[in-house]
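Structure at a glance
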Amino acid sequence: DNITLHQRLNHARQIHTLLTQLNIPCIEPAFTALIRLAVRVGDYELAEEYLDEAEGTQQCKVKLRMYSSLLRGYCGDLSVEEEKVDSNDNDVTTDAVADG
């Protein structure tokens, strides 16, 4: 009975598509939820597409929380990359000491 994040995003995309087909514009809370789900599954490109759409939707008042999910996602990835670089630097230092 547990729904995965990918399944949640898929259901949310289906709802978004249906609303779009019916010419019903999404409002800020709907776009925020779509962006958060996309970020949680690591699909930053999709999150950016939703953000772009929100910015172009007259009925949607764009708020900081829409950007914050995407920014936190990118910062989280950056932290992981920095940890990899730091650990690689430590390996190089250890190897240099062992070779010296």
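Bear in mind that the values here come from a model prediction, so they are computed numbers and not experimental data. (Residues numbered from 1 in each chain as written. Predicted model: local features only at pLDDT ≥ 70, side-chain atom pairs only at ≥ 80, totals over all residues. Heavy atoms only, no water.)

In the structure shown here, the tally under the stated rule is zero disulfides. Lacking any disulfide linkage, Cys60 is separated from the closest cysteine sulfur, that of Cys26, by 8.3 Å. (Disulfide = S-S within 2.5 Å.)

Take the side chain of His16 next. Inspection of the secondary structure assignment puts His16 in helix H1 (residues 5-21). With residues up to four places along the chain from it excluded, the contact list for His16 reads Cys26, Phe31, Leu34, Tyr50 and Glu53. (Helix = DSSP H or I, 4+ residues; strand = E, 2+ residues; numbered from the N terminus. Contact = heavy atoms within 4.5 Å.)

It is worth spelling out helix H3 (residues 44-55) at this point. Taking 1.5 Å as the rise per residue, H3 with 12 residues should run 16 Å; its terminal C-alpha atoms sit 16 Å apart, in good agreement. Listing the buried residues of H3 in full gives Tyr44, Leu46, Ala47, Tyr50, Leu51 and Ala54. Seen end-on, H3 carries its buried residues on one side only, within an arc spanning 160°. Along H3, the residues that are exposed and aim more than 90 degrees away from the buried face are Glu45 and Asp52. (Expected span 1.5 Å × (residues − 1). Buried < 20%, exposed > 50% of the residue type's maximum accessible area, 1.4 Å probe, protein only. Arc of directions from axis to C-beta.)

The phi torsion at Asn23 lies on the positive side, around 60°, for a residue other than glycine. With respect to the secondary-structure elements, Asn23 resides in the loop between H1 and helix H2 (28-40). For Asn23, a relative accessible area of 69% gives the class exposed.

So, about the pattern of salt bridges. Under the defined criterion, the tally for this structure stands at one salt bridge. Across the pair Arg65 and Glu28 runs a salt bridge whose closest N-O atoms are separated by 2.6 Å. Of the two residues, Arg65 sits in helix H4 (residues 64-99) while Glu28 sits in helix H2, which places them 37 residues apart along the sequence. (Salt bridge = Lys/Arg side-chain N within 4 Å of Asp/Glu carboxyl O.)

Right, let's get into the confidence of the model for the protein chain. Per-residue pLDDT for the protein chain averages 82, and the proportion of residues at 70 or more is 75%. pLDDT under 50 marks residues 90-100. Its contacts with residues more than four places away, or in other chains, come to zero contacts. (pLDDT = per-residue confidence, 0-100.)

Right, let's get into the packing of H1 against H2. Remark: H1 packs on H2, axes separated minimally by 9 Å, with the N-to-C direction vectors making an angle of 145°. Crossing angle aside, the handedness with which H1 passes H2 is left-handed. Here Leu5, Arg8, Leu9, Ala12 and His16 of H1 come into contact with H2, specifically with Phe31, Leu34, Leu37, Ala38 and Arg40. Counted by class, the contact of H1 with H2 contains seven nonpolar, one polar and two charged residues. (Axes fitted to C-alpha atoms, helices over the stretch in contact; angles between N-to-C directions. Left-handed = near helix turned anticlockwise from the far one by under 90°. Nonpolar A, V, L, I, M, F, W, Y, C, P; charged D, E, K, R; others polar.)

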